[in-house]
Structures are given as structure tokens and as C-alpha cells.
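What follows is the residue order along each chain.
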Amino acid sequence: MPESFASSPRSAEQKEKQEKQESAERFVVGSRAEAARMIAQRFEARLKERFPPDKYPFHNVEHSRAVARDSREFLEIIASEDPPLVSDENYDYLEMEAWAHDLVQKAFEDPKAPRGRQRGYLQGEPPYESDISPAMRARGAQQGNERASAEELLEELGKYYFADGERVFPADERIFRETLSDDIGATYPDFDFTARLPDGRPGLKVYQPYLTRHATLRALALANADLRGPLKNPD
């Protein structure tokens, strides 16, 4: 009986290599909070590598650090008024979402024009045909940064396990994936160039269309910190 490809020396070597790669990306932790801290640290390192401040004066690691800090403060204020509304789980997921929300910053670079960030997010299941504007699609963009950042977080969550082999996060569950994605999607900003100021003069309205009444408290905290910055008077 001829030797099968699956048992050949070459395929065994390939299988061993694949198993090593998979084990290298499998982390065993003792709690969800420990996993959240590890993910935050790993994302911080990615942001430092991908977006040096001299090239990215705003969307860099310091911005994500500020969003993580300010969004947590937002939840803490809510918890001080109504503790049952905010659980430890909220803090863990918010920390990961804050560090993840700007992981992907694809853009069209044109020295003769403003940097064209490939912004975009669409709720629901793929494919995301409307994920980005028609103008961006015409220039070759395939996926908006907010959606891509959310998917990088979800991919990372699938690497964490408890000692008994159980996954820390239900990263394959549709509702879980949609909720975390929508939290990051809530940071997506849009612009109304036809807006009017209260006195009738032309103005510019900046808003977050996915921050709706159905959004989670985490989404509210994250979107507020990303667009508006720290709370001036937390009291």
C-alpha cells in the first residue's frame, strides 16, 4: 500500500511547523482580567510599532492610552451613581476595546492632497459592501478601519485559554462578536457640512452615527473618550 501524503516526512514536518505556530499564539491565563491586561499590553506594542508619533501626531499609542483612561473614568462615574450598571466584565472588555479601536489605520497617501483615511464601519454580518464610502471604494479600499480594527481584536480573543482548555472568550459566538464590533464601530465619526449653528451661520457637525440608543455603556464610554476627550469636571 503506497504511503499517503499525510504521513510523508514532508507533510509531518509541515504539520509540526503549523502546530508550533498555533501553540506560539495560544496563551493560558488564570482569569479574564489577566487576559485583558495581556491583550492591552500586546496592542500597546503594536501601536508603538505601527504608528510612530513623528508620522502619526494624533492617532498614535498616546491617543489610545488616553482613550483607555478616559473611557474607564466614564464608566467609573456611572458606577458611582448606579453600581449594578457596571460590572468587572465591562471594565475588562472596555480596556481591550480602547486599545484595539485604532489598530488599523489604512490611508491613501498623496503628497498633493490631504491624507485619506479609509474610515468605515457597517453593523451586522459580512460581506460589508457599504463598509466604506463609494469614493473610497472607487480608490481601491476594501474595508474600513473601524471594522478592520474590531476584527483584529476578535482574532486576538480566540488565542486565550484557561488551564482546563476552555476558551476565555466566546470569540466564535455571533452575538458576542457583533457586540464587541459595534462597541468599536461606535467611534466611527461622520460629518455634516450643511449643518447650521444656532444663530443660522454655516457650521460643521461631527457626530457618531453608530452611537445609538441601542449602544452599550461601553460603546458610549469609548465613543465619548475617542471624540470628546477627557471629562472636564468628573464631579
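Just above, that's the structure.
So, how was this worked out
Residues numbered from 1 in each chain as written. Predicted model: local features only at pLDDT ≥ 70, side-chain atom pairs only at ≥ 80, totals over all residues. Heavy atoms only, no water. Patch = residues over 30% accessible without salt bridge, like charges linked within 9 Å, V, L, I, M, F, W, Y side chains within 5 Å. Areas by Shrake-Rupley, 256 points an atom, 1.4 Å probe, with all protein chains shown as cover. Salt bridge = Lys/Arg side-chain N within 4 Å of Asp/Glu carboxyl O. Helix = DSSP H or I, 4+ residues; strand = E, 2+ residues; numbered from the N terminus. Phe/Tyr/Trp six-rings, centres within 6.5 Å; stacked < 30°, edge-to-face > 60°. Lys NZ or Arg CZ within 6 Å of the ring centre and 35° of its normal. Expected span 1.5 Å × (residues − 1). Buried < 20%, exposed > 50% of the residue type's maximum accessible area, 1.4 Å probe, protein only. Contact = heavy atoms within 4.5 Å. Core = buried A, V, L, I, M, F, W, Y, C linked by side-chain atoms within 4.5 Å.

**So, a nonpolar patch on the surface**
On the surface, a nonpolar cluster with roughly 470 Å² of combined accessible area is contributed by Phe191, Phe193, Leu204, Val206 and Leu227. Here Phe191 shows up in strand 5 (residues 190-192).

**Quick word on the packing of aromatic side chains**
The full count for this structure, using the stated rule, is 7 aromatic pairs. Ring centres 5.7 Å apart and planes at 65° place the aromatic pair Tyr93 and Phe176 in the edge-to-face group. In this pair, Tyr93 is assigned in helix 4 (residues 88-100) and Phe176 in helix 7 (residues 174-185), connecting sequence segments 83 residues apart. A network of ring pairs unites the aromatic residues Phe27, Tyr93, Tyr160, Phe169 and Phe176 as a single cluster. Across from the ring centre of Tyr161, 3.6 Å away, lies the NZ or CZ of Arg26, which sits over that ring. Positioned over the ring face of Tyr91 is Arg72, at 4.3 Å from the centre of the ring.

**Focus on helix 2 (residues 32-50)**
Its 19 residues place the ends of helix 2 27 Å apart at the C-alpha level, agreeing with the 27 Å of an ideal helix rising 1.5 Å per residue. Taken as a whole, helix 2 has its buried residues at Ala35, Ala36, Ile39, Ala40, Phe43, Glu44, Arg46 and Leu47. Turning to helix 2, the residues buried within the fold contact helix 3 (61-81), helix 4, helix 6 (145-157) and strand 4 (160-161).

**A look at the nonpolar core**
Membership of the largest hydrophobic core comes to 40 residues, with the highest contact counts inside it found for Ile39, Met96, Leu153, Leu157, Tyr160 and Phe169. Elements that contribute at least two residues to this core include exactly helix 2, helix 3, helix 4, helix 6, helix 7 and helix 8 (217-228). Those residues within four positions of Phe169 in sequence are excluded, and the remaining contacts are Arg32, Ala35, Ile39, Tyr93, Met96, Leu157, Tyr160 and Phe176.

Just distances and angles here, no functional claims.
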